[in-house]
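Each chain, written out:
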Amino acid sequence: FALRMASLQCLHSRAPFTMMLAIITVVMMRATRAAAGLAESEGQAETEPQAQCIHGGEASGSTCTMPEITPNQGQSAVDGVQGEMVPVQRVSDSPRLYLVEDFASREEVEYIMQMSEPNLTPIREGAETGTRVELEIDGDPILEEIRRRMHSVFPTILGDEDLPASTFRVRRYKADGFSHHPPHVDFYHSESYGETLVLTIMLYLTSPEAGGETHFPHAHDGSGYSFSPIAGNLACWWSIYGEGEGGEVGARDPRTLHSGAKVKKGEKWNATYFVYVKSAKRAGGVESASEIFVPKVTEAMIMDSLM
């Protein structure tokens, strides 16, 4: 069944043939893991599948533990993988908004869309917020690498008690004159888990021909700021006050109100990563990196990581 679904997905896709093979491979891997989990629940012990780390790193079970990346003449500290240092731009101080251009490669964003498309559904019938899916990260070396790279933008965001989120929320907005995201603030506190959503990291997967901007009307002291949806670019924003910003550190920051404009032409896809922490006050003092290492991810590397 998994192979059939992957094959149908690829038949309706514009992705290169080798990328199609990669998609089929990862779907089969996930089906195998699911079957292994079922067998184990029935008393048949199975060996946990070993991860294949896309840029080196230590494989532990189905998860890659990546060493710290440091600048090294255009190469990563992991197996000499080619890449470049990319600046983290602070595009607004009030509230704190950040932009990382060319954060992800064409191959990476296409992979995310291919893995998400079969399961996209609206949150409810008639919802204006397009279609979405929670894309599981853990156990997928490509998605784990993207998450690791996101964390490198804010290297101290997770405290000792915090865990990385396990999904990307992938959304698709069509140019139907209806789909958009109304104004909201991302801040959320979970009493059950004792965690607070403090930081949103959004990766744009497509570049619509017109519309689809993420707009912050209160940025720049009320003059406003908009992120343009450009495939591979990363937008980041805090939902809490930082130190010296006029509000209680770690408290909800209403200045982070934002909306997603209607797509006028083309399609808008994004993959959003929400960072939850136990101590919002501690997170309020976290600073971004000035630059991060972005490896040059190729189709061949994606293929190798899935084999």
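The shown structure was predicted, so the numbers you read here are calculated from the model rather than taken from an experiment. (Residues numbered from 1 in each chain as written. Predicted model: local features only at pLDDT ≥ 70, side-chain atom pairs only at ≥ 80, totals over all residues. Heavy atoms only, no water.)

Caption draft 1: Looking closely at the overall build of the chain. Each helix and strand counted, the chain has seven helices and 18 strands in total. Within the chain, the proportion of its 307 residues that are buried is 51%. Partitioning the intrachain contacts of the chain with sequence separation of at least 6 by distance along the chain shows that 74% fall at a separation of at least 24. (Helix = DSSP H or I, 4+ residues; strand = E, 2+ residues; numbered from the N terminus. Buried < 20%, exposed > 50% of the residue type's maximum accessible area, 1.4 Å probe, protein only. Contact = heavy atoms within 4.5 Å.)

Caption draft 2: Spotlight on the nonpolar core. Core analysis: the biggest nonpolar cluster contains 47 residues, and F103, F154, I157, L203 and W238 have the highest contact counts within it. Not counting the four nearest positions on each side in its chain, F154 is found in contact with Y98, L199, I201, C236, W238, V286, E287 and S288. Residues L97, L99, M202 and Y204 belong to the second largest nonpolar core, which totals 11 residues. (Core = buried A, V, L, I, M, F, W, Y, C linked by side-chain atoms within 4.5 Å.)

Caption draft 3: Expanded view of the environment of E84. Its location among the elements puts E84 in strand β3 (residues 83-87). On a C-alpha basis, the gap between E84 and K296 in space is 7.7 Å, while along the polypeptide they are 212 residues apart.

Caption draft 4: The environment of S288, seen in detail. Its place among the elements puts S288 in the loop between α6 (280-283) and β18 (291-295). According to the relative accessible area criterion, S288 is partly exposed, its value standing at 24%. Not counting residues within four places of it along the chain, the set of residues in contact with S288 comprises V88, Y98, V153 and F154.

Caption draft 5: Broad picture of helix α7 (residues 299-306). By the criterion of burial, α7 is predominantly enclosed, with six of the eight residues buried. All buried positions along α7 are accounted for by E299, M301, I302, M303, S305 and L306.

Caption draft 6: Region of the structure containing the environment of Y241. Mapped onto the fold, Y241 is located in the loop between β14 (234-238) and β15 (258-260). Put simply, Y241 and R252 are 11 residues apart on the chain and 6.5 Å apart in space, counted from C-alpha to C-alpha. Among all residues touching Y241, those that are not within four sequence positions of it are R96, G247, E248, V249, G250, A251, R252, D253, P254, R255 and G284.

Caption draft 7: Spotlight on the sheet that holds β15. Pairing is antiparallel in the open sheet, where four strands are placed in the order β8-β15-β12-β13. Of all the strands in the sheet, the pair left with one neighbour each is β8 (181-184) and β13 (225-227). With strand direction ignored, the average angle separating the axes of adjacent strands in the sheet is 15 degrees. (Pairing = 2+ DSSP bridges. Axes fitted to C-alpha atoms, helices over the stretch in contact; angles between N-to-C directions.)

Caption draft 8: A look at the confidence of the model for the chain. Mean pLDDT over the chain: 81, with 74% of residues reaching 70 or higher. Here residues 1-14 is modelled with pLDDT under 50, and outside its nearest four sequence neighbours on either side it reaches 17 contacts, counting other chains as well. Contacts of residues 31-78 to residues separated by more than four positions or lying in other chains number 79 contacts, the stretch itself having pLDDT below 50. (pLDDT = per-residue confidence, 0-100.)

Caption draft 9: Broad picture of helix α3 (residues 106-116). By the criterion of burial, α3 is predominantly enclosed, with nine of the 11 residues buried. Taken as a whole, α3 has its buried residues at E107, E108, V109, Y111, I112, M113, Q114, M115 and S116.

Caption draft 10: Structural view of the packing of α3 against helix α4 (residues 141-153). Two elements in contact, α3 and α4, have axes whose closest approach is 11 Å; the angle formed by their N-to-C orientations is 120 degrees. With respect to α4, the axis of α3 lies oblique. In the crossing of α3 with α4, the sense of the turn from one axis to the other is left-handed. Where α3 approaches α4, its residues E108, Y111 and I112 are matched on the opposing element by I142, L143, I146 and R149. Among the residues forming the contact of α3 with α4, the class breakdown is five nonpolar, no polar and two charged. (Parallel < 35°, antiparallel > 145°, perpendicular 65-115°, else oblique. Left-handed = near helix turned anticlockwise from the far one by under 90°. Nonpolar A, V, L, I, M, F, W, Y, C, P; charged D, E, K, R; others polar.)

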